[in-house]
Amino acid sequence: MIELVDASDPPALLPRLRRALEGDAPLHPYAGTPLPLPAHDAADLPADLALVVGTSGSTGEPKLALHGAAGLLASANATYAVLDGPGQWVLAIPPHHIAGLQVLIRSLVAGTTPVVMDRTRGFTPAAFAQATQRLGEGTAYTSLVPTQVTRLLADKVGTAALQRFSAVLVGGAAVPLALREQTGATGVRLVATYGMSESAGGCVYDGRPLPGVEVAVDESGRIHLGGATIAHGYLGRPAEAFTRRGDVRWFATDDLGELTADGELRVHGRIDDVITTGGMKVHPRVVEEAALAAYPHLRAAVAVGIPDPEWGQLVALALVTDTPVTTDEARARLRGLLPAYALPRLVRTSATPLPERGPGKPDRRAIAVWVGQ
């Protein structure tokens, strides 16, 4: 039987997670009020099932991915193989999402005690720095989303805290080139990760698959991930996007991308996020990266499509900044960085964070409604 476990107390969650990895009853960590698990046949569950974790994509219905202990441990060991070996972690993201759970699993594999950041008042540079000060000596890591890194780099104490880590894993959303350059200038080692709940979190680091992970891109541009870290499927649902090729499990993501000649994966964005305007297809990530490059002071940029009777969809841009930006100004600034058809026709700014569906994942549907008001 799958056990529902409150993840609000990570130190208490750790021993239960250890037992699940060792073969005890599988668990489903939750935050807030637990939702009932979907109807399922216990006889159909994977023999080594250890963890049931919810998805948190930017669109679509949340699902529950089924992960075996072997895949979760393979993911943790592969991470250490490409970083600087086992180390201690600071947990600064919610522990019921896959990225937070992986911090705990990697800590168990390394035999270290994670430092849990105080998030009662949200994420702040001061709280992150205080957690960093509680680390022991030796190799240390943390896992963040781009907006958290941006906040830390805007604060001297936060920047100093980042410099303590051997590597800072960043995922959940695209990592802007400007952010990578900024962290590099401070000596911080930023590792951009790509993955999702179905792949046990990040399984591609800086465009390169982890050991034991395979990446393929089909003719339509859809990204497929394969290997031991892939989930067995979804709880109470058909196999859907999961397949087997020989002994390898594969997952067909909802993302578009390409593999370069030397095997580097470049992610363009979600299939259902593509904006079709005047018959032309626009990848939101391209617009977002251009906006972040043109306006270094932005805290976030999200491009969405707004229904329009003439164009089909308008390219709209939501910006998080204390300095308002008009549509005409944005179009003028972005002209030359984007093709004419990809220039935003509607821009709205907000001084407060945009809606999210998970750590660092924008809720594009809610944002599109807000921008189109």
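Before reading on, note that the structure itself is shown above.
Residues numbered from 1 in each chain as written. Predicted model: local features only at pLDDT ≥ 70, side-chain atom pairs only at ≥ 80, totals over all residues. Heavy atoms only, no water.

Asks: Account for the sheet that holds strand β22 (residues 346–350), with residues named and values stated.
Replies: Pairing is mixed across the open sheet formed by three strands, whose spatial order is β20-β21-β22. Strands with a single pairing partner mark the edges of an open sheet, and in this sheet they are β20 (300–308) and β22. Taken over all neighbouring pairs, the strand axes of this sheet differ in orientation by 25 degrees on average, direction set aside. Two strands pair when backbone bridges link them, and strand β21 (residues 312–320) and β22 are joined in this way by five bridges, in the parallel orientation. Its bridge partner lying in β22, Ala318 is registered against Arg348. The sheet strands contacting helix α8 (residues 284–294) are β20 and β21, and the helix crosses β20 at an angle near 135 degrees. (Pairing = 2+ DSSP bridges. Helix = DSSP H or I, 4+ residues; strand = E, 2+ residues; numbered from the N terminus. Axes fitted to C-alpha atoms, helices over the stretch in contact; angles between N-to-C directions. Contact = heavy atoms within 4.5 Å.)

Asks: Lay out helix α10 (residues 364–371) in plain terms, naming residues and giving numbers.
Replies: Taken together, the buried positions of α10 are Arg364, Ile367, Ala368 and Val371. Within α10, the buried residues cover an arc of 100 degrees as seen down the axis, which keeps them to one side. α10 presents Arg365 and Val369 as exposed residues on the side facing more than 90 degrees away from its buried surface. Buried residues along α10 sit against α8, β20, β21, β22 and β24 (361–362). (Buried < 20%, exposed > 50% of the residue type's maximum accessible area, 1.4 Å probe, protein only. Arc of directions from axis to C-beta.)

Asks: Could you give an account of the nonpolar core, with specific residues and numbers?
Replies: Tyr194 and Leu225 are the most contacted members of the largest nonpolar core, which has 49 residues in total. Ranked by residue count, the leading element in this core is helix α3 (residues 98–110), at six residues. Contacts of Leu225, omitting those with residues within four sequence positions, involve Tyr194, Met196, Ser199, Cys203, Val204, Glu214, Val215, Ile230, Arg249, Trp250, Phe251 and Thr253. Grouped together as the second largest cluster of nonpolar side chains are 25 residues, Val175, Leu179, Leu190 and Ala192 included. (Core = buried A, V, L, I, M, F, W, Y, C linked by side-chain atoms within 4.5 Å.)

Asks: Pulling in residues and values, what's your account of unusual backbone geometry?
Replies: In this structure, Ala200 is a non-glycine residue whose phi angle is positive, near 65 degrees. For Ala200, the location among the structural elements is in the loop between β9 (190–196) and β10 (201–205). Overall, the relative accessible area of 0% leaves Ala200 in the buried class. Unusually for a residue other than glycine, Asp206 sits at a positive phi of about 50 degrees. Relative to the helices and strands, Asp206 resides in the loop between β10 and β11 (208–209). What makes Asp206 partly exposed here is its relative accessible area of 32%.

Asks: Would you mind going over the packing of helix α5 (residues 146–153) against helix α7 (residues 177–186) in detail, with residue names and values included?
Replies: Put simply, α5 and α7 touch, their axes get as near as 11 Å, and they point 45 degrees apart. On the basis of the axis angle, α5 is oblique to α7. Between α5 and α7 the crossing geometry is left-handed. When α5 is examined against α7, the residues Pro146, Val149, Thr150 and Leu153 are found in contact with a partner set consisting of Leu179, Gln182, Thr183 and Thr186. (Parallel < 35°, antiparallel > 145°, perpendicular 65-115°, else oblique. Left-handed = near helix turned anticlockwise from the far one by under 90°.)

Asks: An account of the sheet that holds β10 is needed here, citing residue identities and associated values.
Replies: Taken in spatial order, the seven strands make up an open sheet running β6-β5-β7-β8-β9-β10-β11, and their pairing is mixed. Edge strands, defined here as strands with exactly one partner in the open sheet, are β6 (115–116) and β11. Sheet topology note: the β9/β10 ladder contains four bridges and is antiparallel. Bridged to Met196 within β10 is Gly201. Its contacts with the sheet put α3 on β5 (88–91), β7 (140–144), β8 (167–170), β9 and β10, and the angle it makes with β5 is roughly 150 degrees.

Asks: Describe the packing of helix α2 (residues 69–82) against α3, listing the residues and the values that go with them.
Replies: Relative orientation of the contacting elements α2 and α3 amounts to 75 degrees, with a least axis distance of 9 Å. With respect to α3, the axis of α2 lies roughly perpendicular. Two secondary-structure elements touch here, α2 through Leu72, Leu73, Ser75, Ala76, Asn77, Thr79 and Tyr80 and α3 through Gln102, Ile105, Arg106, Ser107, Val109 and Ala110. Grouping the constituent residues of the contact of α2 with α3 by class yields seven nonpolar, five polar and one charged. (Nonpolar A, V, L, I, M, F, W, Y, C, P; charged D, E, K, R; others polar.)

Asks: Lay out the pairing of β20 with the relevant residues and their values.
Replies: In terms of residue burial, β20 counts as a mostly covered element, since seven of its nine residues are buried. In this sheet, β21 lies alongside β20 in antiparallel orientation, the contact comprising nine bridges. Residue pairing for β21: Pro307 is matched across the bridge by Gln313. In sequence, β20 turns back onto β21 through a hairpin of three residues.

Asks: Talk me through the pattern of salt bridges; I want residue IDs and the actual numbers.
Replies: Tallying each qualifying case throughout the model produces 12 salt bridges. Here Asp273 and Arg364 are joined by a salt bridge, their closest N and O atoms 3.1 Å apart. With Asp273 in the loop between β17 (265–270) and β18 (275–277) and Arg364 in helix α10, this pair connects stretches of sequence that are 91 residues apart. Like Asp273, the residue Arg364 is buried in the burial classification. The residue Glu288 makes a salt bridge to Arg364 at a minimum N-O spacing of 3.0 Å. (Salt bridge = Lys/Arg side-chain N within 4 Å of Asp/Glu carboxyl O.)

Asks: Before we move on, can you summarise the packing of aromatic side chains with the specific residues and values?
Replies: Under the criterion given, the structure shown has six aromatic pairs. With 6.2 Å between their ring centres and 45 degrees between their planes, Tyr80 and Tyr141 make a pair best called tilted. Placement of Tyr80 in helix α2 and of Tyr141 in strand β7 is noted, with a sequence separation of 61 residues between them. The exposure class assigned to Tyr80 is buried, which follows from its relative accessible area of 7%. Since its relative accessible area comes to 0%, Tyr141 is described here as buried. Considering the side-chain rings of Tyr234 and Phe242, the 5.0 Å spacing of their centres and the 75 degrees angle between planes classify their relative orientation as edge-to-face. Comparing Tyr234 with Phe242, the two get one shared label, buried. Directly above the aromatic system of Trp250 lies the positively charged group of Arg245, at a separation of 4.1 Å from the ring centroid. Of note, Arg348 hangs over the ring of Trp370, and the distance from its end group to the ring centre comes to 4.2 Å. (Phe/Tyr/Trp six-rings, centres within 6.5 Å; stacked < 30°, edge-to-face > 60°. Lys NZ or Arg CZ within 6 Å of the ring centre and 35° of its normal.)

The values reported here are purely geometric and, on their own, carry no functional implication.
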